[in-house]
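Observations on chain architecture
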Amino acid sequence: MVQVNENYLKLKAGYLFPEIARRVKAFSEANPDAALIRLGIGDVTEPLPEACRTAMKNAIDAMGTAEGFRGYGPEQGYAWLREAIASHDFQARGCSISAEEIFISDGSKCDSSNILDILGPGNRIAVTDPVYPVYVDSNVMAGHTGPADERGRYGGLTYLPITAENGFSPAIPDEPVDLIYLCFPNNPTGAVAGRGELKAWVDYARAHGSLILFDAAYEAFIQDPELPHSIFEIDGARECAIEFRSFSKNAGFTGTRCALTVVPRGLTGRTAAGEEVELWPLWNRRQSTKFNGVSYPVQRGAEAVYSPEGQAQVNRLVRFYMDNAALIRRELSAAGISVHGGEHAPYVWLRAPEGLDSWDFFDQLLQKAHVVGTPGSGFGAAGEGYFRLSAFNSRANVEEAMQRIRNL
Ligand code: MLT
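Quick caveat, the model's predicted, so the values are computed rather than measured. (Residues numbered from 1 in each chain as written. Predicted model: local features only at pLDDT ≥ 70, side-chain atom pairs only at ≥ 80, totals over all residues. Heavy atoms only, no water.)

**Section: the overall build of the protein**
Stated formally: Numbering goes from the N terminus for both helices and strands, where a helix is a DSSP run of H or I of at least four residues and a strand is a run of E of at least two. Based on C-alpha atoms, the radius of gyration is set beside the globule rule, defined as 2.2 Å times the residue count to the power 0.38. For each residue, the accessible area found with a 1.4 Å probe, counting protein chains only, is set against the maximum for its type, and the residue is called buried under 20%, exposed over 50%, and partly exposed in between. Should any heavy atoms of two residues lie within 4.5 Å, those residues are counted as being in contact.
A count of helical and extended segments in the protein gives 11 helices and 15 strands. Relative to the 2.2 N^0.38 estimate, which gives 22 Å for 408 residues, the radius of gyration of the protein is 21 Å and therefore close to what a compact globule would have. Counting the 408 residues in the protein, one finds 54% classified as buried. Within the protein, contacts between residues at least 6 apart in sequence are counted, and of these 73% link residues at least 24 apart.

**Observations concerning the site of the ligand**
Just so we agree on the cut-off: One heavy atom within 4 Å of a molecule or strand is enough for the residue carrying it to be called near that molecule or strand. Each polar contact in these results corresponds to two N or O atoms within 3.5 Å; when the atoms are within protein, one needs to be able to donate a hydrogen and the other to accept it, and residues that are neighboring in sequence are counted only if both atoms are side-chain atoms.
Close to the ligand lie Phe17, Ile41, Gly42, Tyr132, Asn187, Tyr218, Lys249, Tyr347 and Arg388, which account for all nearby residues. In this structure, Lys249 approaches the ligand through a side-chain N or O atom, which is 2.7 Å from an oxygen atom.

**A look at the packing of helix α2 (residues 50-63) against helix α8 (residues 296-304)**
Which entries qualify depends on this criterion: For every element, the axis is a line fit to its C-alpha atoms; helices are fit only across the contacting stretch, and the angle between N-to-C directions ranges from 0 to 180 degrees. Put simply, a crossing is left-handed when the front helix is turned counterclockwise from the back one by less than a right angle, and right-handed when it is turned clockwise. Only Asp, Glu, Lys and Arg are considered charged, only Ala, Val, Leu, Ile, Met, Phe, Trp, Tyr, Cys and Pro nonpolar, and every remaining residue, Gly among them, polar.
Contact geometry of α2 with α8 gives a least axis separation of 7 Å together with a crossing angle of 145°. Taken as a pair, α2 and α8 cross one another with a handedness that is right-handed. Contacts between α2 and α8 involve Ala51, Cys52, Ala55, Met56, Ala59, Ile60 and Met63 from the first element and Tyr296, Pro297, Arg300, Gly301 and Ala304 from the second. Its residues placed into classes, the contact of α2 with α8 shows 10 nonpolar, 1 polar and 1 charged.

**Re the packing of aromatic side chains**
This is how the line gets drawn: Here a Phe, Tyr or Trp ring, Trp counted by its six-membered ring, pairs with any other such ring whose centre lies within 6.5 Å, and the pair is stacked when the planes are under 30 degrees apart, edge-to-face when over 60, and tilted otherwise. The rule is short: NZ of Lys or CZ of Arg within 6 Å of the ring centre and within 35 degrees of the ring normal puts a charge over the ring.
Considering all chains together, one arrives at 20 aromatic pairs under this definition. On the numbers, 5.5 Å between centres and 75° between planes, the contact of Tyr78 with Tyr296 is edge-to-face. Of this pair, Tyr78 sits in the loop between α2 and α3 (79-90) while Tyr296 sits in helix α8, and the two are 218 residues apart along the sequence. This pair shows no difference in class: Tyr78 is buried, exactly as Tyr296 is. Arranged with centres 6.0 Å apart and planes meeting at 80°, the rings of Trp80 and Tyr296 form a pair that is edge-to-face. Residue Trp80 is located in helix α3, and its partner Tyr296 is located in helix α8; the two are separated by 216 residues in the primary sequence. Here Trp80 and Tyr296 have matching classes, each one buried. An aromatic cluster is defined as three or more aromatic residues linked by ring pairs; in this entry it consists of Tyr218, Phe221, Phe320, Tyr321, Tyr347 and Phe392. In this structure, Arg300 packs its charged tip against the face of Trp80, placed 3.6 Å from the ring centre. Directly above the ring of Tyr347 sits Arg388, whose terminal nitrogen or CZ lies 3.8 Å from the centroid.

**Section: helix α1 (residues 16-30)**
Put simply, the test is: To estimate the expected span of a helix, subtract one from its residue number and multiply by 1.5 Å. In this context, the arc is that of the directions from the helix axis out to the C-beta atoms.
Its 15 residues give α1 an end-to-end C-alpha distance of 22 Å, which sits within 8% of 21 Å, the value for a rise of 1.5 Å per residue. For α1, the set of buried residues is Leu16, Phe17, Glu19, Ile20, Val24 and Phe27. Around the axis of α1, the buried residues are gathered within 160° of arc, so they sit on the same side. Along α1, exposed side chains directed more than 90 degrees from the buried face belong to Arg22, Lys25 and Glu29. Against the buried residues of α1 lie β1 (37-38), α5 (133-141), α10 (358-369), β13 (371-372), β14 (374-375) and β15 (386-390).

The structure is reproduced here in C-alpha coordinates:
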(Lines give C-alpha, C1' and ligand atoms only; values in the text may rest on other atoms or scores of the structure.)
Protein backbone atom coordinates (compact mmCIF):
# COMPACT_ATOMS: atom_id res chain seq x y z
CA MET A 1 0.00 0.00 0.00
CA VAL A 2 1.20 3.49 -0.77
CA GLN A 3 2.91 5.37 2.03
CA VAL A 4 1.77 8.86 3.02
CA ASN A 5 3.81 11.87 4.11
CA GLU A 6 3.27 11.49 7.83
CA ASN A 7 4.41 15.03 8.48
CA TYR A 8 0.91 16.08 7.41
CA LEU A 9 -0.45 14.20 10.42
CA LYS A 10 1.46 16.59 12.68
CA LEU A 11 -0.50 19.61 11.40
CA LYS A 12 -2.83 21.15 13.96
CA ALA A 13 -6.50 21.02 12.93
CA GLY A 14 -7.31 22.66 9.59
CA TYR A 15 -5.50 25.52 7.94
CA LEU A 16 -6.85 28.61 9.70
CA PHE A 17 -8.95 30.02 6.87
CA PRO A 18 -10.70 26.77 5.92
CA GLU A 19 -11.49 26.30 9.64
CA ILE A 20 -13.10 29.74 9.72
CA ALA A 21 -14.99 28.92 6.53
CA ARG A 22 -16.25 25.71 8.14
CA ARG A 23 -17.62 27.56 11.19
CA VAL A 24 -19.14 30.28 9.03
CA LYS A 25 -20.82 27.70 6.78
CA ALA A 26 -22.34 25.90 9.78
CA PHE A 27 -23.63 29.23 11.14
CA SER A 28 -25.05 30.30 7.77
CA GLU A 29 -26.83 26.98 7.28
CA ALA A 30 -28.45 27.32 10.70
CA ASN A 31 -29.22 31.04 10.13
CA PRO A 32 -29.91 31.46 6.42
CA ASP A 33 -31.27 35.01 6.86
CA ALA A 34 -28.20 36.41 8.65
CA ALA A 35 -26.42 38.95 6.39
CA LEU A 36 -22.78 38.19 7.10
CA ILE A 37 -20.02 40.76 6.64
CA ARG A 38 -16.64 39.15 6.02
CA LEU A 39 -13.60 40.90 7.45
CA GLY A 40 -11.75 37.63 7.96
CA ILE A 41 -9.47 36.39 5.20
CA GLY A 42 -7.55 39.23 3.54
CA ASP A 43 -9.25 38.90 0.19
CA VAL A 44 -9.79 42.04 -1.88
CA THR A 45 -13.29 43.09 -2.90
CA GLU A 46 -12.92 46.07 -5.27
CA PRO A 47 -12.85 45.60 -9.07
CA LEU A 48 -9.59 45.08 -10.97
CA PRO A 49 -8.03 48.37 -12.12
CA GLU A 50 -9.18 49.36 -15.59
CA ALA A 51 -5.60 49.58 -16.90
CA CYS A 52 -5.05 45.93 -15.93
CA ARG A 53 -8.35 44.76 -17.42
CA THR A 54 -7.67 46.54 -20.70
CA ALA A 55 -4.19 45.03 -20.92
CA MET A 56 -5.57 41.55 -20.15
CA LYS A 57 -8.33 41.88 -22.76
CA ASN A 58 -5.87 43.09 -25.39
CA ALA A 59 -3.61 40.15 -24.58
CA ILE A 60 -6.49 37.69 -24.98
CA ASP A 61 -7.44 39.26 -28.31
CA ALA A 62 -3.83 38.98 -29.45
CA MET A 63 -3.87 35.29 -28.50
CA GLY A 64 -6.76 34.92 -30.95
CA THR A 65 -4.51 35.83 -33.87
CA ALA A 66 -1.81 33.79 -35.54
CA GLU A 67 0.82 36.50 -34.96
CA GLY A 68 -0.12 37.25 -31.36
CA PHE A 69 -0.65 33.69 -30.15
CA ARG A 70 1.71 32.48 -27.41
CA GLY A 71 2.25 29.06 -25.97
CA TYR A 72 4.49 28.33 -23.01
CA GLY A 73 6.16 31.48 -21.78
CA PRO A 74 9.48 31.64 -19.94
CA GLU A 75 9.17 29.84 -16.56
CA GLN A 76 10.76 32.90 -14.92
CA GLY A 77 8.23 35.32 -16.41
CA TYR A 78 8.34 37.59 -19.47
CA ALA A 79 11.33 39.94 -19.62
CA TRP A 80 9.14 43.04 -20.06
CA LEU A 81 7.35 42.39 -16.75
CA ARG A 82 10.56 41.55 -14.88
CA GLU A 83 12.18 44.72 -16.22
CA ALA A 84 9.21 46.91 -15.23
CA ILE A 85 9.31 45.48 -11.70
CA ALA A 86 13.07 45.82 -11.33
CA SER A 87 12.93 49.42 -12.46
CA HIS A 88 9.80 50.67 -10.61
CA ASP A 89 9.80 48.62 -7.42
CA PHE A 90 13.51 48.29 -6.76
CA GLN A 91 15.89 50.49 -8.75
CA ALA A 92 13.66 53.56 -8.21
CA ARG A 93 14.15 52.98 -4.46
CA GLY A 94 17.89 52.64 -4.76
CA CYS A 95 17.95 48.82 -4.58
CA SER A 96 20.35 47.21 -7.03
CA ILE A 97 18.05 44.42 -8.16
CA SER A 98 18.10 43.37 -11.82
CA ALA A 99 15.32 41.86 -13.95
CA GLU A 100 17.19 38.56 -14.02
CA GLU A 101 16.85 38.31 -10.23
CA ILE A 102 13.03 38.55 -10.39
CA PHE A 103 10.97 35.38 -10.82
CA ILE A 104 7.29 35.84 -11.70
CA SER A 105 4.91 33.39 -10.03
CA ASP A 106 1.28 32.73 -9.23
CA GLY A 107 1.43 33.80 -5.59
CA SER A 108 3.51 34.60 -2.54
CA LYS A 109 1.78 31.85 -0.59
CA CYS A 110 3.11 29.33 -3.13
CA ASP A 111 6.57 30.91 -3.35
CA SER A 112 7.07 31.18 0.39
CA SER A 113 6.27 27.44 0.66
CA ASN A 114 8.04 26.29 -2.50
CA ILE A 115 11.29 27.97 -1.53
CA LEU A 116 11.79 25.11 0.94
CA ASP A 117 12.47 22.86 -2.07
CA ILE A 118 15.92 24.43 -2.43
CA LEU A 119 16.79 24.49 1.29
CA GLY A 120 18.08 21.58 3.32
CA PRO A 121 16.37 19.69 6.14
CA GLY A 122 18.75 20.64 8.96
CA ASN A 123 18.11 24.38 9.26
CA ARG A 124 17.15 26.00 12.55
CA ILE A 125 14.10 28.09 11.65
CA ALA A 126 12.81 31.24 13.34
CA VAL A 127 9.26 32.56 12.92
CA THR A 128 7.41 35.31 14.68
CA ASP A 129 4.47 34.42 16.90
CA PRO A 130 1.80 35.30 15.72
CA VAL A 131 2.77 34.47 12.14
CA TYR A 132 1.27 33.93 8.68
CA PRO A 133 0.46 30.21 9.12
CA VAL A 134 1.87 29.18 5.73
CA TYR A 135 5.49 29.65 6.88
CA VAL A 136 5.00 27.21 9.73
CA ASP A 137 2.73 24.67 8.04
CA SER A 138 4.97 24.36 4.98
CA ASN A 139 7.90 23.53 7.25
CA VAL A 140 5.79 20.97 9.12
CA MET A 141 4.82 19.35 5.80
CA ALA A 142 8.47 19.26 4.75
CA GLY A 143 9.41 17.44 7.95
CA HIS A 144 11.44 20.32 9.38
CA THR A 145 9.71 20.27 12.79
CA GLY A 146 8.76 17.99 15.61
CA PRO A 147 5.16 17.50 16.73
CA ALA A 148 3.07 20.36 18.12
CA ASP A 149 2.71 20.90 21.87
CA GLU A 150 -0.58 21.70 23.58
CA ARG A 151 -0.25 25.40 22.64
CA GLY A 152 0.19 24.47 18.99
CA ARG A 153 3.93 25.25 18.91
CA TYR A 154 6.04 22.84 16.88
CA GLY A 155 9.21 21.29 18.23
CA GLY A 156 12.39 22.52 16.57
CA LEU A 157 11.11 25.99 15.60
CA THR A 158 12.34 29.16 17.28
CA TYR A 159 9.32 31.35 18.04
CA LEU A 160 9.84 35.11 18.35
CA PRO A 161 6.81 36.60 20.13
CA ILE A 162 5.40 39.86 18.78
CA THR A 163 2.93 41.42 21.19
CA ALA A 164 1.91 44.86 22.40
CA GLU A 165 4.52 44.47 25.16
CA ASN A 166 7.43 44.51 22.67
CA GLY A 167 5.78 46.86 20.21
CA PHE A 168 5.24 43.95 17.78
CA SER A 169 8.96 43.97 17.03
CA PRO A 170 10.55 40.49 17.15
CA ALA A 171 13.69 40.29 19.28
CA ILE A 172 16.87 39.09 17.57
CA PRO A 173 17.20 35.45 18.72
CA ASP A 174 19.75 34.67 21.40
CA GLU A 175 20.54 31.35 19.70
CA PRO A 176 21.91 30.92 16.17
CA VAL A 177 19.19 30.38 13.56
CA ASP A 178 19.69 29.60 9.88
CA LEU A 179 16.39 30.61 8.33
CA ILE A 180 14.35 33.64 9.43
CA TYR A 181 10.85 34.51 8.21
CA LEU A 182 10.02 38.21 8.42
CA CYS A 183 6.84 39.86 7.10
CA PHE A 184 6.56 43.67 7.02
CA PRO A 185 4.09 45.32 6.95
CA ASN A 186 3.13 42.43 9.13
CA ASN A 187 0.38 39.94 8.61
CA PRO A 188 -1.44 39.60 11.00
CA THR A 189 -0.52 42.48 13.36
CA GLY A 190 -0.19 45.29 10.79
CA ALA A 191 3.09 46.34 12.46
CA VAL A 192 5.92 47.83 10.38
CA ALA A 193 9.70 47.73 10.65
CA GLY A 194 11.94 50.76 10.27
CA ARG A 195 15.38 50.79 8.67
CA GLY A 196 17.16 50.32 12.00
CA GLU A 197 15.18 47.20 12.80
CA LEU A 198 15.75 45.67 9.36
CA LYS A 199 19.43 46.56 9.51
CA ALA A 200 19.74 44.69 12.82
CA TRP A 201 18.28 41.60 11.11
CA VAL A 202 20.56 41.93 8.09
CA ASP A 203 23.59 42.34 10.38
CA TYR A 204 22.54 39.27 12.36
CA ALA A 205 21.98 37.20 9.21
CA ARG A 206 25.35 38.17 7.74
CA ALA A 207 27.15 37.43 10.99
CA HIS A 208 25.54 33.98 11.32
CA GLY A 209 25.30 32.97 7.65
CA SER A 210 21.49 32.95 7.96
CA LEU A 211 18.94 33.49 5.21
CA ILE A 212 16.06 35.96 5.68
CA LEU A 213 12.84 35.18 3.83
CA PHE A 214 11.26 38.63 3.64
CA ASP A 215 7.56 38.78 2.79
CA ALA A 216 6.70 42.25 1.47
CA ALA A 217 3.23 41.39 0.14
CA TYR A 218 1.75 44.45 1.88
CA GLU A 219 4.45 47.03 1.07
CA ALA A 220 2.06 49.12 -1.07
CA PHE A 221 0.09 50.00 2.06
CA ILE A 222 3.01 51.82 3.74
CA GLN A 223 2.06 55.47 4.23
CA ASP A 224 5.19 56.85 5.89
CA PRO A 225 7.83 57.74 3.23
CA GLU A 226 10.61 57.01 5.74
CA LEU A 227 9.71 53.32 6.07
CA PRO A 228 11.53 50.82 3.83
CA HIS A 229 9.41 48.88 1.32
CA SER A 230 12.04 46.25 0.57
CA ILE A 231 14.70 44.45 2.59
CA PHE A 232 17.03 45.33 -0.30
CA GLU A 233 16.90 48.98 0.80
CA ILE A 234 19.23 47.81 3.58
CA ASP A 235 22.95 47.53 2.77
CA GLY A 236 24.15 43.93 2.77
CA ALA A 237 20.68 42.40 2.25
CA ARG A 238 21.70 40.99 -1.15
CA GLU A 239 24.03 38.66 0.76
CA CYS A 240 21.37 37.26 3.07
CA ALA A 241 17.79 37.74 1.83
CA ILE A 242 15.11 36.57 -0.56
CA GLU A 243 12.00 38.76 -0.94
CA PHE A 244 8.41 37.86 -1.84
CA ARG A 245 6.00 40.35 -3.38
CA SER A 246 2.52 40.12 -4.79
CA PHE A 247 0.02 41.89 -7.05
CA SER A 248 -2.81 40.39 -4.98
CA LYS A 249 -3.43 43.10 -2.46
CA ASN A 250 -2.33 46.31 -4.20
CA ALA A 251 -3.85 45.58 -7.63
CA GLY A 252 -6.58 43.14 -6.62
CA PHE A 253 -5.04 40.03 -8.25
CA THR A 254 -6.15 37.48 -5.61
CA GLY A 255 -8.36 35.88 -8.27
CA THR A 256 -6.09 36.35 -11.27
CA ARG A 257 -2.80 35.35 -9.51
CA CYS A 258 0.51 37.09 -10.03
CA ALA A 259 3.43 37.58 -7.67
CA LEU A 260 7.21 37.59 -7.68
CA THR A 261 10.22 36.40 -5.78
CA VAL A 262 13.57 38.18 -5.76
CA VAL A 263 16.63 35.95 -5.48
CA PRO A 264 19.85 38.00 -5.71
CA ARG A 265 22.72 36.63 -7.75
CA GLY A 266 25.63 35.70 -5.50
CA LEU A 267 23.41 34.82 -2.53
CA THR A 268 24.65 31.49 -1.21
CA GLY A 269 23.95 28.64 1.17
CA ARG A 270 26.03 25.63 2.12
CA THR A 271 25.95 21.90 1.53
CA ALA A 272 26.14 19.58 4.55
CA ALA A 273 29.83 19.18 3.67
CA GLY A 274 30.35 22.96 3.91
CA GLU A 275 30.62 23.75 0.20
CA GLU A 276 29.17 27.16 -0.76
CA VAL A 277 26.36 26.99 -3.35
CA GLU A 278 24.58 29.86 -5.10
CA LEU A 279 20.79 29.84 -4.52
CA TRP A 280 19.72 31.59 -7.78
CA PRO A 281 20.55 28.61 -10.04
CA LEU A 282 18.74 26.26 -7.65
CA TRP A 283 15.56 28.37 -7.66
CA ASN A 284 15.83 28.80 -11.43
CA ARG A 285 16.13 25.01 -11.78
CA ARG A 286 13.23 24.43 -9.39
CA GLN A 287 10.94 26.81 -11.27
CA SER A 288 11.97 25.46 -14.68
CA THR A 289 11.16 21.92 -13.60
CA LYS A 290 8.03 22.42 -11.50
CA PHE A 291 6.40 25.58 -12.88
CA ASN A 292 5.31 26.73 -16.32
CA GLY A 293 4.85 30.41 -15.65
CA VAL A 294 1.90 32.74 -15.16
CA SER A 295 -0.50 33.14 -18.10
CA TYR A 296 0.41 35.73 -20.72
CA PRO A 297 -2.77 37.86 -20.25
CA VAL A 298 -2.23 38.01 -16.48
CA GLN A 299 1.40 39.09 -16.89
CA ARG A 300 0.26 41.80 -19.31
CA GLY A 301 -2.27 42.88 -16.66
CA ALA A 302 0.50 43.02 -14.05
CA GLU A 303 2.71 45.04 -16.41
CA ALA A 304 -0.12 47.60 -16.72
CA VAL A 305 0.17 48.29 -12.97
CA TYR A 306 3.32 50.25 -13.87
CA SER A 307 1.69 52.44 -16.52
CA PRO A 308 0.77 55.98 -15.37
CA GLU A 309 -2.97 55.09 -15.38
CA GLY A 310 -2.25 51.79 -13.64
CA GLN A 311 -0.26 53.56 -10.91
CA ALA A 312 -3.04 56.10 -10.34
CA GLN A 313 -5.69 53.36 -10.18
CA VAL A 314 -3.67 51.16 -7.82
CA ASN A 315 -2.97 54.15 -5.56
CA ARG A 316 -6.70 54.81 -5.42
CA LEU A 317 -7.38 51.19 -4.43
CA VAL A 318 -4.77 51.30 -1.70
CA ARG A 319 -6.19 54.63 -0.44
CA PHE A 320 -9.68 53.12 -0.43
CA TYR A 321 -8.67 50.15 1.75
CA MET A 322 -6.55 52.33 4.02
CA ASP A 323 -9.54 54.61 4.58
CA ASN A 324 -11.46 51.47 5.62
CA ALA A 325 -8.64 50.62 8.01
CA ALA A 326 -8.75 54.13 9.49
CA LEU A 327 -12.50 53.82 9.94
CA ILE A 328 -12.12 50.48 11.73
CA ARG A 329 -9.40 51.89 13.99
CA ARG A 330 -11.47 54.96 14.82
CA GLU A 331 -14.71 53.11 15.55
CA LEU A 332 -13.12 50.37 17.64
CA SER A 333 -11.08 52.86 19.66
CA ALA A 334 -14.25 54.85 20.32
CA ALA A 335 -15.85 51.61 21.54
CA GLY A 336 -13.01 51.27 24.07
CA ILE A 337 -11.20 48.46 22.23
CA SER A 338 -7.42 48.60 22.09
CA VAL A 339 -6.29 48.61 18.43
CA HIS A 340 -2.94 48.16 16.66
CA GLY A 341 -1.90 48.11 13.02
CA GLY A 342 -4.11 49.47 10.25
CA GLU A 343 -1.86 52.51 9.65
CA HIS A 344 0.53 51.01 7.10
CA ALA A 345 -1.28 47.72 6.52
CA PRO A 346 -4.79 46.59 5.64
CA TYR A 347 -5.09 44.66 8.92
CA VAL A 348 -6.25 45.96 12.28
CA TRP A 349 -5.12 43.87 15.25
CA LEU A 350 -7.20 44.28 18.37
CA ARG A 351 -7.57 42.93 21.86
CA ALA A 352 -10.57 40.70 22.45
CA PRO A 353 -12.73 42.13 25.26
CA GLU A 354 -11.72 41.17 28.80
CA GLY A 355 -12.56 37.58 29.63
CA LEU A 356 -12.88 36.34 26.03
CA ASP A 357 -10.27 34.35 24.19
CA SER A 358 -9.76 34.76 20.44
CA TRP A 359 -12.17 32.02 19.34
CA ASP A 360 -14.81 33.13 21.95
CA PHE A 361 -14.71 36.59 20.41
CA PHE A 362 -14.87 35.09 16.91
CA ASP A 363 -18.02 33.15 17.87
CA GLN A 364 -19.56 36.16 19.60
CA LEU A 365 -18.98 38.46 16.61
CA LEU A 366 -20.28 35.81 14.23
CA GLN A 367 -23.38 34.96 16.23
CA LYS A 368 -24.36 38.36 17.57
CA ALA A 369 -23.04 40.83 14.98
CA HIS A 370 -22.85 38.51 11.96
CA VAL A 371 -19.33 39.81 11.36
CA VAL A 372 -16.52 37.41 10.45
CA GLY A 373 -12.98 38.19 11.62
CA THR A 374 -9.90 36.08 12.29
CA PRO A 375 -8.99 34.82 15.78
CA GLY A 376 -5.49 35.88 16.76
CA SER A 377 -4.70 32.49 18.28
CA GLY A 378 -5.04 31.00 14.79
CA PHE A 379 -1.79 32.80 13.94
CA GLY A 380 0.08 31.41 16.94
CA ALA A 381 0.05 30.99 20.70
CA ALA A 382 1.12 34.61 21.34
CA GLY A 383 -1.89 35.76 19.27
CA GLU A 384 -4.24 34.41 21.94
CA GLY A 385 -6.54 37.15 23.19
CA TYR A 386 -6.09 39.12 19.96
CA PHE A 387 -8.29 39.34 16.88
CA ARG A 388 -7.68 40.50 13.29
CA LEU A 389 -10.07 42.53 11.15
CA SER A 390 -9.29 43.00 7.49
CA ALA A 391 -9.94 46.33 5.75
CA PHE A 392 -10.73 44.56 2.47
CA ASN A 393 -14.42 45.18 1.93
CA SER A 394 -16.81 47.80 0.59
CA ARG A 395 -17.16 51.04 2.56
CA ALA A 396 -20.83 50.28 3.23
CA ASN A 397 -19.99 46.86 4.68
CA VAL A 398 -17.21 48.22 6.87
CA GLU A 399 -19.50 50.97 8.18
CA GLU A 400 -22.27 48.47 8.84
CA ALA A 401 -19.87 46.05 10.56
CA MET A 402 -18.61 48.81 12.86
CA GLN A 403 -22.17 49.84 13.68
CA ARG A 404 -23.01 46.25 14.62
CA ILE A 405 -19.89 45.90 16.77
CA ARG A 406 -20.71 49.18 18.54
CA ASN A 407 -24.19 47.89 19.29
CA LEU A 408 -22.91 44.67 20.86
C1 MLT B 1 -4.75 36.51 5.01
O2 MLT B 1 -5.93 36.72 5.26
O3 MLT B 1 -3.90 36.38 5.89
C4 MLT B 1 -4.36 36.45 3.59
O5 MLT B 1 -5.45 36.16 2.79
C6 MLT B 1 -3.28 35.52 3.41
C7 MLT B 1 -2.93 35.28 2.01
O8 MLT B 1 -2.79 36.23 1.24
O9 MLT B 1 -2.74 34.11 1.68
